[in-house]
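Fold and geometry: a report
In case you want the letters, here they are:
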Amino acid sequence: MPRSSAFLHGKAITPGMALGPAGRVEELPLPDITERYSAIGPEAENIRLDEAIARAFHQIEKMRGRLVGLPEEGREEIASLLMVYERMLGPSRLVRQVRDRIAEQGLCAEAAVSEVAQELASQVVRMAQAVAQENNTQEADANLRLAGEFEEIGRRLVRNLTGISYRAFSSLPPGSVLVAEQLRPADVAMIDPARIAAVVTQGGGGADHTAILLRALDIPAILAVPNLMAQVQEGEMLVVDGHLGTLTLSPSEVELRMAAEAAQREVKEKRAFGRLRRLPAQLQSGEDIELSANLELPAELPMLLRNGAKGIGLLRSEFLFGERDELPDEDGQMEAYRSIVQAMDGRPVTIRVLDWGGEKGRACMRRLGLEEQVADGDNPALGLRGVRLLLRVPEVLETQFSAILRAAEPEKDVAIGPVRILLPMVTSVDEIVEAREIYDRVVRRLRRRGHTLPDPLPPLGIMVETPAAALTVDTLSKQADFMALGTNDLTMYTLAVDRADSMVADRYSPLHPGVLRLIEMTTDAALKARRPISVCGEMASDPRVVALLIGLGLRSFSMNSASLPRVKRLIRTLTLEDCDQLCRQVMLQNEPDAIRDLVRQFAT
Ligand code: PEP
Ligand code: MG
């Protein structure tokens, strides 16, 4: 009997709507190796091993043949994974140790392969745990991926040795939503994105290779859905929302229709967006508009580049180390920033120093001995947050400045970056002065130690996200090199409406005339002081609101990268006069609802 629809939640990996029948793919388990020792002798075992290796090379060659026709990012990711597999199947540590065990201990090939692959994988997992404790997430992630690669090659060889077949994704009907307990990177390499509507798995995480590959292939995907396999039946209709990480089981007619429409819209948009990527963000009247992206995790980088971001306008560093309860040391941080700066390949990167406080970074703060500050105050949003908190623990700020400056060091005399540094939650000039003193001290120390810092140094800017800052930009701009309007918090503090409180969500409106007037004042003051100014709050991800902000004098925006193409598309159809006109009409209004209507009706 058909059941009524139900929702499951998981980790949103690749944004995108999709719908289709569930195609459950279960893996045939590997055989238990009951007979560890060979009955046929080492020579014959080595011949069996050679055959299994040759078959594995052949399988990898087949995977390589499938790369043609995949999106560029997917092709690169999978090609480098296949190279790792091939190296492991060559005269590698793994193969050497397997042959040693066959020769010295008289093991059969499958027992030797399975034991060695497991041991090597466990060794690198231990290494991953050790480096994770030193807060080097990138190295830890790389080691975990390597462990997965040893396991993969081990499994492949055991299957080839024992004749246990692989799961066949090709048997899924076209348009299926692939549902699996676990998907390995090598499995993703065998998926045909043109035949699979989406992927949903019970296991997995946001940073593993499977996730990276799914994103690179642009397949809508949700991983880590608890209890998935027990709840999804073969062939039942599913709606996958890869933006939110929700899976609807047995959707109603209406839900299905809406999902189908959304998916169709996205397909059309993607086609158009592919063409947009290389086109300039320019108004019809000729003015250039700078469109950058906000970034929380390195995993978002491929999408950010795919969507044509001109740079990173806001790197929220507190999320970069988010799932840890301790902050990496200077070297660990430096590596994290540098790899992002390098990946951006000459595009500007604006790194915001830790915006801890409220709910963010509590565990870290506790470890830093800031118990009292994290104790549940009545008003954490008005408590020790952002730059005020960092100035209480200057050693944390010093370490971060130092790591950022080192990440921006030229490479063999060739500049990388440019990098900019942003202070969060500034309310008064003394905070910038104090932070700059620390910055200058760090610069002097690094120079004494022989570091070649970029010339000019990374500029030190401020978030304008409190009414106090917005009202005094003329003064603050004497100390700050640039400004970034944080309209999420500016709206919250101006309207006294908590941005995360659903009870007052209907009152949270960045289009409130009070907020717009503060934005206008800030922009005018920054332009008068000849300081660069951008907007990096969520407001900048709505194309029509961006038109309004252009009318207010702004020319630089940073947003979640998924919104970039849509914003660029509208900008390219407008003239400056269109934006000015919208702005003039809006600024005459006193009611947020009237402003919302004007904006909604604009350019339709
Ligand atoms: C903002 O407040 O608008 C902003 C960009 O910062 P965050 O959302 O990280 O607080
Ligand atoms: Mg903010």
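Cut-offs used in this document
Residues numbered from 1 in each chain as written. Chains lettered and ligands numbered in written order. Predicted model: local features only at pLDDT ≥ 70, side-chain atom pairs only at ≥ 80, totals over all residues. Heavy atoms only, no water. Helix = DSSP H or I, 4+ residues; strand = E, 2+ residues; numbered from the N terminus. Contact = heavy atoms within 4.5 Å. Axes fitted to C-alpha atoms, helices over the stretch in contact; angles between N-to-C directions. Nonpolar A, V, L, I, M, F, W, Y, C, P; charged D, E, K, R; others polar. Near = heavy atom within 4 Å. Polar contact = N/O pair within 3.5 Å; in protein donor to acceptor, adjacent residues only side chain to side chain. Areas by Shrake-Rupley, 256 points an atom, 1.4 Å probe, with all protein chains shown as cover. Salt bridge = Lys/Arg side-chain N within 4 Å of Asp/Glu carboxyl O. Buried < 20%, exposed > 50% of the residue type's maximum accessible area, 1.4 Å probe, protein only. Donors = N, O, S within 2.8 Å, 3.2 Å for Na, K, Ca; no water.

Points about the side chain of E266
- Within the secondary structure layout, E266 lies in helix α9 (residues 253–276).
- For E266, the contacting residues outside a window of four places in its chain are G16, M17 and H243.

Some words on the packing of helix α1 (residues 42–65) against helix α4 (residues 109–133)
- Between α1 and α4, whose axes approach to 9 Å, the crossing angle comes to 60°. Contact with α1, carried on its side by E45, R48 and L49, involves A109, E110 and V113 of α4 and no other residues of that element.
- Residues that form the contact of α1 with α4 fall into these classes: 3 nonpolar, no polar and 3 charged.

A short note on the site of ligand 1
- Lining the immediate surroundings of ligand 1 are 14 residues, of which R316, R352, G486, N488 and R499 lie closest.
- Here an oxygen atom of ligand 1 and a backbone polar atom of N488 are 2.7 Å apart.
- A distance of 3.0 Å separates an oxygen atom of ligand 1 from a polar atom in the backbone of D489.
- Burial of ligand 1 by the protein chains amounts to 98% of its free accessible area of 290 Å².
- The set of elements that each furnish at least two residues to the shell around ligand 1 consists of β10 (312–316) and α20 (487–495).
- Residue composition of the shell around ligand 1, grouped by class: 3 nonpolar, 4 polar and 7 charged.

A closer look at the pattern of salt bridges
- A full pass over the atoms with the stated rule returns 28 salt bridges.
- Among the ionic pairs, D218 bridges to R306, the shortest N-O distance being 4.0 Å. Taken together, the residues span a long stretch of sequence, with D218 in the loop between α7 (209–217) and β6 (221–223) and R306 in helix α10 (residues 301–306) at a distance of 88 residues.
- Between E398 and R441 there is a salt bridge, with the nearest N and O atoms lying 2.8 Å from each other. Of this pair, E398 sits in helix α16 (residues 394–407) while R441 is found in helix α17 (residues 429–448), placing the two residues 43 residues apart along the sequence.
- Judged by relative accessible area, R441 falls into the partly exposed class, the value being 38%.

Quick notes on the coordination of the magnesium ion (ligand 2)
- Those protein atoms acting as donors to the magnesium ion (ligand 2) are E465 (OE) and D489 (OD), and they sit at 2.1 Å. One end of the pair, E465, is in the loop between β13 (460–464) and α18 (467–471); the other, D489, is in helix α20, with 24 residues separating them in the sequence. Side by side, E465 and D489 carry an identical accessibility label, which is buried.

Details of unusual backbone geometry
- Geometrically, the link from G417 to P418 is a cis peptide bond, its omega value of 0° lying close to zero.
- Along the chain, P418 falls in the loop between α16 and β12 (419–423).
- The omega angle of the peptide bond from D455 to P456 is 0°, so this bond is cis rather than trans.
- Take P456: it is sitting in the loop between α17 and β13.
- You will see that S250, though not glycine, has its phi angle at about 45°, which is positive.

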